[in-house]
Amino acid sequence: TQLLEQSPQFLSIQEGENLTVYCNSSSVFSSLQWYRQEPGEGPVLLVTVVTGGEVKKLKRLTFQFGDARKDSSLHITAAQPGDTGLYLCAGRGPSGNTDKLIFGTGTRLQVFP
Amino acid sequence: DAGVIQSPRHEVTEMGQEVTLRCKPISGHNSLFWYRQTMMRGLELLIYFNNNVPIDDSGMPEDRFSAKMPNASFSTLKIQPSEPRDSAVYFCASSEGLAGHTQYFGPGTRLTVL
């Protein structure tokens, strides 16, 4: 069983559309991160959220940490082909161990021009 | 600056053979992590080191897997004997420290066991 479930698993949209990716768990995390991974490369960190209810913006990307620190969302406004990739959420500290990152199941996004 | 370096980038081997994957972390980073990524199981942590010492190997699937970090600039992940179900992309990541520090991932080694 996966500790962090992401939805949707796959998403294909047209350039200019908006989308939201969800990362859910029944466990509480001390912090949560979002990564983007492109084919043939390793994941690259986009953002870290630490406080319940925290919202962070990175250009057209908006990240939110749930109030109870069990879930998070990533919203992309006016998606572009360059946003294509695998988006992964990752949490720290579900069992008090903040050394390890627990990765979500992933959302594969394809943005068509 | 050089990021995390992994070699080889691709490895194709036959079942039963020994496979050694290599990783050079970012200079000055004290922590190193080995992950495995598959379609079925996603990205899983196998083992991690701090100051060259293995801290947690609970993610290593079985005794056929072993990892070493003989010095601060080199680590290996060995599979002996390899099996087709070991086929995956193996990533190495390094960070300045453990809790709270950003992990930087290498490009991965795609392993295919026939």
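Preceding block: the structure.
Residues numbered from 1 in each chain as written. Chains lettered and ligands numbered in written order. Predicted model: local features only at pLDDT ≥ 70, side-chain atom pairs only at ≥ 80, totals over all residues. Heavy atoms only, no water.

Draft legend 1. Structural context of the overall build of chain B. Counting its secondary structure elements, chain B contains zero helices and 11 strands. Order of helices (α) and strands (β) in chain B, N terminus to C terminus: β-β-β-β-β-β-β-β-β-β-β. Its C-alpha atoms give chain B a radius of gyration of 13 Å, near enough to 13 Å, the size a compact globule of 114 residues would have. Overall, chain B is about 35 × 30 × 25 Å in size when its C-alpha atoms are taken along their principal axes. Across the 114 residues that make up chain B, the buried fraction comes to 48%. Partitioning the contacts of chain B with sequence separation of at least 6, the portion at a separation of at least 24 is 55%. On chain B, the mean spot of the 10 positive side-chain charges and the mean spot of the 12 negative ones are 3 Å from each other. (Helix = DSSP H or I, 4+ residues; strand = E, 2+ residues; numbered from the N terminus. Rg over C-alpha atoms; globule rule 2.2 N^0.38 Å. Buried < 20%, exposed > 50% of the residue type's maximum accessible area, 1.4 Å probe, protein only. Contact = heavy atoms within 4.5 Å. Lys, Arg positive; Asp, Glu negative; His and termini not counted. Charge placed at Lys NZ, Arg CZ, Asp CG, Glu CD.)

Draft legend 2. Representation of the pattern of salt bridges within the structure. All names here are of chain B. A full pass over the atoms with the stated rule returns 12 salt bridges over all chains. Between Glu 18 and Lys 78 there is a salt bridge; the shortest N-O distance is 3.9 Å. On the criterion of sequence distance, the pair formed by Glu 18 in the loop between β2 (10-13) and β3 (19-24) and Lys 78 in strand β8 (residues 74-79) is long-range, its members being 60 residues apart. Owing to a relative accessible area of 31%, Lys 78 belongs among the partly exposed residues under this scheme. Put simply, Glu 62, Arg 64, Glu 83, Arg 85 and Asp 86 are held in one network by salt bridges that share partners. (Salt bridge = Lys/Arg side-chain N within 4 Å of Asp/Glu carboxyl O.)

Draft legend 3. Representation of the interface of chain A and chain B in the model. If you look at the interface, chain A gives 18 residues, while chain B gives 21 residues. Summed over both sides, the interface between chain A and chain B buries roughly 1,400 Å², with carbon and sulfur atoms accounting for 51% of that surface. If you sort the residues of chain A by the area they bury against chain B, Asp 99, Lys 100 and Phe 103 of chain A come out on top, with a joint share of 33%. In this assembly, chain A and chain B are joined by one salt bridge. Note that Lys 100 of chain A is salt-bridged to Asp 56 of chain B, the shortest N-O span being 2.9 Å. Inspection of the chain A/chain B interface yields six residue pairs in polar contact (both at pLDDT 80 or more). Looking at the side of chain A that touches chain B, the elements with two or more residues in it are β4 (31-37), β9 (85-92) and β10 (101-103) of chain A. Looking at the side of chain A that touches chain B element by element, the count peaks at three residues for β9 of chain A. Residues that form the side of chain A that touches chain B fall into these classes: seven nonpolar, six polar and five charged. (Buried area = accessible area lost by both parts, 1.4 Å probe. Polar contact = N/O pair within 3.5 Å; in protein donor to acceptor, adjacent residues only side chain to side chain. Nonpolar A, V, L, I, M, F, W, Y, C, P; charged D, E, K, R; others polar.)

Draft legend 4. Structural detail: the pairing of strand β4 (residues 31-38) of chain B. Residues and elements named next belong to chain B. Burial within β4 is extensive, with seven of its eight residues counted as buried. Taken together, the eight bridges between β4 and strand β5 (residues 42-50) define a ladder with antiparallel strand orientation. Residue pairing for β5: Trp 34 is matched across the bridge by Ile 47. Counted along the chain from β4 to the antiparallel partner β5, the turn is three residues long. (Pairing = 2+ DSSP bridges.)

Draft legend 5. Structural view of the state of the cysteines. Overall, the coordinates contain two disulfides over all chains when judged by the stated rule. The residue that forms a disulfide with Cys 23 of chain A is Cys 89 of chain A, at a sulfur-sulfur distance of 2.1 Å. The chirality of the disulfide connecting Cys 23 of chain A with Cys 89 of chain A is right-handed, given an S-S dihedral of about 75°. Here Cys 89 of chain A lies in strand β9 and Cys 23 of chain A lies in strand β3 (residues 19-24), a separation of 66 residues in the sequence. Taken as a pair, Cys 23 of chain A and Cys 89 of chain A share a single burial class, namely buried. Here Cys 23 of chain B engages in a disulfide with Cys 92 of chain B; their sulfurs sit 1.9 Å apart. The S-S bond linking Cys 23 of chain B to Cys 92 of chain B shows a torsion near -65°; that makes this disulfide left-handed. Remark: Cys 92 of chain B occurs in strand β9 (residues 88-95) and Cys 23 of chain B occurs in strand β3; sequence separation between them is 69 residues. (Disulfide = S-S within 2.5 Å.)

Without other data, these values stay purely geometric and don't point to any function.
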